[in-house]
Amino acid sequence: MNESNSVTAVITRCVIPGREQDYRTWVHDVGQVVKQFPGHQGVTYKVPGEGNECHVIFRFDTVEHLQDWEESKERKHWLGKLEGIVEGEPRVDRLTGIEFLFRDQLHPKAHKMVFVLTIVVFLLSLVLGPLFSMLNTALPFVPDWLLLLARVVVQISLLTYVFMPSITRLLATWLAR
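A quick note: this is a predicted structure, and the numbers were derived from the prediction, not measured.

What counts, and where the lines are drawn
- Residues numbered from 1 in each chain as written.
- Predicted model: local features only at pLDDT ≥ 70, side-chain atom pairs only at ≥ 80, totals over all residues.
- Heavy atoms only, no water.
- Buried < 20%, exposed > 50% of the residue type's maximum accessible area, 1.4 Å probe, protein only.
- Helix = DSSP H or I, 4+ residues; strand = E, 2+ residues; numbered from the N terminus.
- Pairing = 2+ DSSP bridges.
- Arc of directions from axis to C-beta.

Enquirer: For this particular structure, what's the right way to read the pairing of strand S3 (residues 53-60)?
Expert: The two faces of a sheet get side chains in turn, since along a regular strand they alternate between them. In terms of burial, S3 is largely enclosed, as seven of its eight residues are buried. Judged from the eight bridges that link them, strand S1 (residues 7-15) and S3 form a sheet pairing that is antiparallel. The partner of Cys-14 across the bridge, within S3, is Glu-53. Sheet topology note: the strand S2 (residues 40-46)/S3 ladder contains six bridges and is antiparallel. Of the residues in S3, the one forming a bridge with Gly-42 is Arg-59.

This is how it looks when you write it as structure tokens:
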């Protein structure tokens, strides 16, 4: 899996008033179908918001796997079942940058992302600092810049693959507000 190419597609649709339950059922059923596609990492549904907008979030490990889903006959079949349930054209946003660290959220506010990232990076630095200082002492022949680079790579890897997915699930309610 090439995590550097991971992608989140956020589809926003306007559900016809009174058809919200039909849309929820449709999302559930599509979620069962998309699970069968390679690289699928999850589907999240956000309840109607302003103007009866609903959001479905599809996560895939690569852009190519998302495209396989988007171009599939299964997806075309299920899109046909939306007639009379939604109106207008969908809005599709793809997130491949830092937003993917907040995997289960729909565009959290920037100040919340800054706050969470600051706390997590600070705590990681607090733990990794002494470890890399010991490495610097044990390996005095290694240039400081190389140890700093190693520290940054370790810190970003831990942040991306270990801590942020768990933390965003833990703070999901607060981040979504």
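Enquirer: Explain helix H2 (residues 63-70) to me, please; I cannot follow it from the model alone.
Expert: Two residues of an α-helix separated by three or four positions point the same way, owing to the 3.6 residues in each turn. All of the buried residues in H2 are Leu-66, Trp-69 and Glu-70. Each buried residue of H2 lies within a common arc of 95° when the element is viewed along its axis, so the set occupies one face.

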